[in-house]
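This is what each chain is made of:
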Amino acid sequence: MAVLWGAQAIGLWVGLLAVPVVAGAAPVAVAPAGSLAAPSAGAPPAVTAEAGGLAAWLEDLHQAARQRSYAGTLVVSADGGVLSTARLVHVHTRAATLERVEMLSGAQRVVFRSDEQVVVWDTPQRLVRVEPMVLLSTFPDLKHPPGTALEALYHFRAIGVGRVAGHVADGYEVWPRDALRFAQKVWRAREGGLVLRRQILDAGSGRVLEETSFTELSFQPVIHSEVLAPRLELPEGFRLWREPLEPTSLEAEGWRMDVVPEGFALDRCVRRHEAPWRAGAGGEAARDRWVLQCIWTDGLAAVSVFIEPYEARRHGTSLTARVGATQMRSRPAEVASPPAWWLTAVGEVPLRTLDALLVNLRRVGR
């Protein structure tokens, strides 16, 4: 499977650590996450339509994540096991916002973010990847697009008070009004509003599909500047790849979405280019290999659809996979054999939502 899952592969909540992950990668077992204490006396602040409702609450979460400095350990777990654990350092000043995410389990990777770019040190691949800050988001990625009528798509209510990573946390529940979305439960720090724990649930059964939680967290940590500054002097044997992300549109690339799932809207499209030494792997001549990535969102959930020319060596039969709450469906774009195009949809949504996007995507020109 050649298409990357992109920033959503391990957990859309953190922008997902912004590390490109190959579809089908196996989870890694590490120590289990801490649990939330039972609800205590008191109740979260009331959230009313007059105060802006769900949209205003999401905006507040986004600002709390960006405009505070903090450091802690994040654990992503699913299906009774743990997918990944990482050390997150986030520093906000008047001049800039900087972030470092170091994977503590699995492959050794460190991600550095600034307002302009993302730098990924991938030790197993002996690769340093630099991307402009076009698609990737900061922790947590819960910012809604303007004009989104989220209350028409989700029920929203307070659910109690608990403790996460030693901090008092107010709990909230966001429950879908249809079968196109998953439910979410979010606990945010009473002091400062930072999201401390997030669960994604199957709305029909109530089963927790994935959980991301701080197991320890400190605010206003003392951080040395070199911790947040990526080195671009390459060790011997490493390669540097500055990936060009070219903003584009679905229409400009010769595609059309006939019917969009209710509540979803196209957010943006970019062309992603594969590193030339990878594009020439397998003994073939290096050439420009690319994939078109378009993102549809309802303001809370998001789906990436990847479109690329079909290659028999890289694309096999249709494929369905799941890692935690992130689901993937991959298939040819047309019935012809061989097909001309290959499609992959990835997102924290039910499979029916992925199918609704794939089946309505049409080639119209170019």
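Because the structure is a prediction, the values reported are computed rather than measured.

Chemist: I would appreciate a short explanation of the overall build of the protein in the present structure.
Modeler: What the protein contains, in helices and strands, is four helices and 21 strands. Counting only residues that meet the buried cut, the protein has 51% of its 366 residues in that class. When contacts within the protein are restricted to residue pairs at least 6 apart in sequence, long-range pairs at least 24 apart make up 59% of them. Taken as a whole, the protein presents about 15900 Å² of accessible surface, with 53% of it coming from carbon and sulfur.

Chemist: Just to check I follow, could you spell out helix α4 (residues 351-359) for this structure?
Modeler: Every buried residue of α4 is accounted for by Thr353, Leu354, Leu357 and Leu358. Along α4, the residues classed as buried sweep out an arc of 130° about the axis, all on the same side. The inward-facing, buried residues of α4 abut β14 (255-257), β16 (290-297), β17 (302-309), β19 (326-332), β20 (341-347) and β21 (361-363).

Chemist: I keep staring at the confidence of the model for the protein and nothing clicks. Help me out?
Modeler: One rule of thumb: low pLDDT means the predicted coordinates there are not for detailed reading. The pLDDT averaged across the protein works out to 80; a share of 78% of its residues lies at or above 70. Low pLDDT, under 50, characterises residues 279-283; the predicted model gives this stretch nine contacts beyond four residues in sequence or across chains.

Chemist: How should the packing of aromatic side chains be read in this particular structure?
Modeler: Any aromatic ring pair is given by two values, namely how distant the centres are and how the planes are angled relative to each other. Across all of its chains, the model carries seven aromatic pairs by this definition. Measuring from ring centre to ring centre gives 5.2 Å for Trp57 and Tyr172, while their planes differ by 55°; the resulting arrangement is tilted. Of this pair, Trp57 sits in helix α1 (residues 53-66) while Tyr172 sits in strand β8 (residues 167-176), and the two are 115 residues apart along the sequence. Accessibility classification places Trp57 together with Tyr172 in one group, the buried group. One aromatic cluster is present, built from ring pairs that chain together Trp57, Phe156 and Tyr172. The ring of Phe219 is capped by Arg68, whose NZ or CZ atom sits 4.1 Å from the centre of that ring. Above the face of the Trp290 ring, Arg271 is positioned so that its terminal group lies 3.7 Å from the ring centre.

Chemist: Would you mind showing me how to read the environment of Pro350 here?
Modeler: Along the chain, the position of Pro350 falls in the loop between β20 and α4. Between the C-alpha atoms of Pro350 and Met328, which are 22 residues apart in sequence, the distance is 9.7 Å. In contact with Pro350, not counting residues within four places along its chain, are Ala179, Leu180, Arg181, Phe182 and Gln327.

Chemist: How should I be thinking about a nonpolar patch on the surface in this particular structure?
Modeler: A surface patch of nonpolar side chains, amounting to about 200 Å² of accessible area, comprises Leu232, Leu234 and Leu240. Structurally, Leu240 is set in strand β12 (residues 239-242).

Chemist: Would you mind showing me how to read the sheet that holds β20 here?
Modeler: Neighbouring strands of a sheet are bound in pairs by backbone hydrogen bonds; such pairs are parallel or else antiparallel. If you trace the seven strands from one edge of the open sheet to the other, you get β13-β15-β16-β17-β20-β19-β18, paired in antiparallel fashion. Strands with a single pairing partner mark the edges of an open sheet, and in this sheet they are β13 (245-248) and β18 (319-323). For this sheet, the mean inter-axis angle between neighbouring strands, taken without regard to orientation, is 20°. Note that β18 and β19 share five bridges and pair antiparallel. Pairing of Thr320 across the sheet is with Arg329, part of β19. Strands β16, β17, β18, β19 and β20 of the sheet are contacted by α4, whose axis makes an angle of about 30° with β19.

Conventions used here
- Residues numbered from 1 in each chain as written.
- Predicted model: local features only at pLDDT ≥ 70, side-chain atom pairs only at ≥ 80, totals over all residues.
- Heavy atoms only, no water.
- Helix = DSSP H or I, 4+ residues; strand = E, 2+ residues; numbered from the N terminus.
- Buried < 20%, exposed > 50% of the residue type's maximum accessible area, 1.4 Å probe, protein only.
- Contact = heavy atoms within 4.5 Å.
- Areas by Shrake-Rupley, 256 points an atom, 1.4 Å probe, with all protein chains shown as cover.
- Arc of directions from axis to C-beta.
- pLDDT = per-residue confidence, 0-100.
- Phe/Tyr/Trp six-rings, centres within 6.5 Å; stacked < 30°, edge-to-face > 60°.
- Lys NZ or Arg CZ within 6 Å of the ring centre and 35° of its normal.
- Patch = residues over 30% accessible without salt bridge, like charges linked within 9 Å, V, L, I, M, F, W, Y side chains within 5 Å.
- Salt bridge = Lys/Arg side-chain N within 4 Å of Asp/Glu carboxyl O.
- Pairing = 2+ DSSP bridges.
- Axes fitted to C-alpha atoms, helices over the stretch in contact; angles between N-to-C directions.

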